[in-house]
Amino acid sequence: MGRLVRILSIAQHLVENHRKSLLIIAGILLLICPRLWHMIGPIDDPHAWRQCDTANYALAFHKNGINLLYPSVCWMGDHKTVILEFPFPEMLMALAYNLFGYHLFLARVITLLFFSGSAVYFYLLVNNLFGRRMALISAAVYMVLPLSLFYSRAVHIDFFAVFFAHAMVYHFLRWTEQSSMWHAITGMLAGCLAFLIKVPYAFYLVLPLLTTMAVRRDLKTIPKLLLWMLFPVITFSLWHMHVTSVNKAAPDWYFIPGYFKFVDMGNWYYGPLEMRWDINVWKIFIGRFIYDIATVTGTFLFFIGVLSSFVTFKSYRRDAVFFLWAWSVGLICYLLIFLNLNRHDYYQIPFLPAVSLFIAIAIESAYRLFQRLLGKFSYLTAVCIYSALCANCILYAQSHYFRLDTITIEAGRIIDDALPANVTIIAASDMPTGCRDPSVAIIAASDMPTGCRDPRLLYHAKRNGWSIYKKHLTQEMINSLKNCGARYLVTVMPINTDTHDLYGYRFEAYPLTVQPWAVFIANLQDIGKPANLNPATTKKQEF
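Source: prediction; values computed, not measured.

Definitions and limits used
Residues numbered from 1 in each chain as written. Predicted model: local features only at pLDDT ≥ 70, side-chain atom pairs only at ≥ 80, totals over all residues. Heavy atoms only, no water. Salt bridge = Lys/Arg side-chain N within 4 Å of Asp/Glu carboxyl O. Helix = DSSP H or I, 4+ residues; strand = E, 2+ residues; numbered from the N terminus. Buried < 20%, exposed > 50% of the residue type's maximum accessible area, 1.4 Å probe, protein only. Core = buried A, V, L, I, M, F, W, Y, C linked by side-chain atoms within 4.5 Å. Contact = heavy atoms within 4.5 Å. Pairing = 2+ DSSP bridges. Polar contact = N/O pair within 3.5 Å; in protein donor to acceptor, adjacent residues only side chain to side chain. Phe/Tyr/Trp six-rings, centres within 6.5 Å; stacked < 30°, edge-to-face > 60°. Lys NZ or Arg CZ within 6 Å of the ring centre and 35° of its normal. Axes fitted to C-alpha atoms, helices over the stretch in contact; angles between N-to-C directions. Parallel < 35°, antiparallel > 145°, perpendicular 65-115°, else oblique. Left-handed = near helix turned anticlockwise from the far one by under 90°.

**Things to note about the pattern of salt bridges**
Item 1. Evaluation of the coordinates by the stated rule reveals 12 salt bridges.
Item 2. The residue Arg-50 makes a salt bridge to Glu-85 at a minimum N-O spacing of 2.4 Å. You can see Arg-50 sitting in helix H3 (residues 48-64) and its partner Glu-85 sitting in the loop between H3 and helix H4 (88-100), a full 35 residues away along the chain. A single burial state applies to Arg-50 and to Glu-85, both of which are buried.
Item 3. Salt bridges linked by common partners bring Arg-174, Glu-177, Arg-216, Arg-317 and Asp-319 together as one network.

**A short note on the nonpolar core**
Item 1. With 181 residues, the main nonpolar core has Ile-426 and Val-519 as its most contacted residues.
Item 2. Here this core gets 15 residues from one element, more than from any other, and that element is helix H5 (residues 104-130).
Item 3. If we ignore the near neighbours within four places in the chain, the residues touching Val-519 are Ala-411, Ile-414, Ile-415, Val-490, Thr-491, Val-492, Glu-508, Ala-509, Tyr-510 and Leu-512.

**Brief notes about the pairing of strand E2 (residues 465-469)**
Item 1. Counting buried positions over the five residues of E2 gives five, a clear majority of the element.
Item 2. The pairing of strand E1 (residues 425-429) with E2 spans five bridges and is parallel. By the bridge assignment for E2, Ala-427 is matched with Ser-467.

**Comments concerning the environment of Arg-35**
Item 1. You can see Arg-35 is positioned in helix H2 (residues 19-36).
Item 2. Residue classification places Arg-35 among the buried positions, given a relative accessible area of 0%.
Item 3. Residues Arg-35 and Val-144, 109 residues apart in the sequence, show an inter-C-alpha distance of 9.9 Å.
Item 4. Residue contacts for Arg-35: discarding those within four places in its chain leaves Leu-112, Phe-115, Met-143, Ser-148, Leu-149, Ser-152 and Arg-153.
Item 5. In this structure the side chain of Arg-35 is engaged in a polar contact, spanning 2.4 Å, whose partner is the backbone oxygen of Met-143.

**Observations regarding the packing of aromatic side chains**
Item 1. One pass over the structure, following the stated rule, counts 50 aromatic pairs.
Item 2. Centre to centre, the rings of Phe-86 and Trp-239 are 5.0 Å apart; their planes meet at 90°, and the pair counts as edge-to-face. Of this pair, Phe-86 sits in the loop between H3 and H4 while Trp-239 sits in helix H11 (residues 221-248), and the two are 153 residues apart along the sequence. An identical accessibility class is assigned to Phe-86 and Trp-239; each is buried.
Item 3. The ring of Phe-150 carries the charged tip of Arg-153 above its face, separated from the ring centre by 5.0 Å.

**Some remarks on the packing of helix H10 (residues 206-215) against H11**
Item 1. At a minimum axis separation of 10 Å, H10 and H11 run at an interaxial angle of 160°. Regarding the angle of H10 to H11, the classification is roughly antiparallel. Regarding H10 and H11, the two cross each other, and that crossing is right-handed. Contact with H10, carried on its side by Val-206, Leu-209, Leu-210 and Met-213, involves Thr-221, Ile-222, Leu-225, Leu-226 and Met-229 of H11 and no other residues of that element.

Okay, here's the thing in structure tokens:
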């Protein structure tokens, strides 16, 4: 009884002395709740393709040992090594797998932790510039926007880069205010990791830092900041040299349609200049902004916030408003430079903090306006506006994200059960990309075929190999890939497909629960002979 009383007294002391901190922690936990029922299960869409690459990096580290300099993809046969980014996030996931076993839940928890860390640093940054109330509103908005709801728990690297980018800005800003070497070193180290993981998400943030120093007339600190920023630039340059060297050593498999080595990637990153004048590109981005970045409700609030930042300029510190404007200009530069990358919705993640801050300005402006009318109950205005935004964000995310490609997932499991371990396969498919879950009312599918860098079927099959669009597959290509180590040809087709003319191989079909699809497997070592697969696998039919 005495111990219980002591525990209760300690709890009472914590509540009385740390009420604000506990409320913030409770708020963060509450905002994390909409993600919890999406923490388990297989990789989902949108962009299961990119998530499977990240997941395979981590799984390969778990199975074969961690080597940050030589990560592995599953779509390069036995060559395996292609560097897409600095695999720090995947290293953390692999360490979790080493400790607790291989579970995607662990990878999602680590992503969520770094997302939460990015929200904390965003809160600290806004608190430093705009004050605590604006910081609370901004962080709360940041945590419920649709892209945040999905990618904060995806097997994805972007919020790792955002975390380090936010840490870099916050610590450098504190360094300019306090001349603290600890803040300078922390900012530099965070900048190095942000540049290594995803340099486009960090480089433009130097602009708001420089602008803030200029507005504060702290011109003597600008050269010092640029010197500190040399460390991330040099670190990234050294890493880029290593990436170029490793990727250049990839095999010359140019007989595979669409194949290229990941070097000289300028066009991949920037796209052609005329892309900037293509009205259709901007229509796509505007649609993304209205629905995925801010939602309809958030877009309305965003424009009110932009207008309010000019009208109520004197309501905030001068350096804070200029910081936000410079941040916005930096984002526009980021978009114009890396416009080709922004074809993918997750490249709009860097917009979330600035958009959240403008929405927060709109909500606080409404709060101030109604304060004269409602007095102490004016906070209800902010609560109602934020609740409407939350409802819009959650409903949109639930109806458009978290989709399962059940065909590819089930096909991968069947292949994993049927084939011997560690064999290299050719995964040929003519299925469209995107979600094919029959339980989803609106199926988001593209007419684009799979590409030679598609990891999805190979990842779910837990095999290395080559991903080939079936219409591109020829006997000559099969022979070339056999010489590279391919032992089985695997394809996913409707069960009634005539396989007799498929290159002379005898296929065994494994029907999926999603009709009329089936997995077809052929042994490339013996033309006209059965694949001799694991008899314990799902019931098969020979063709």
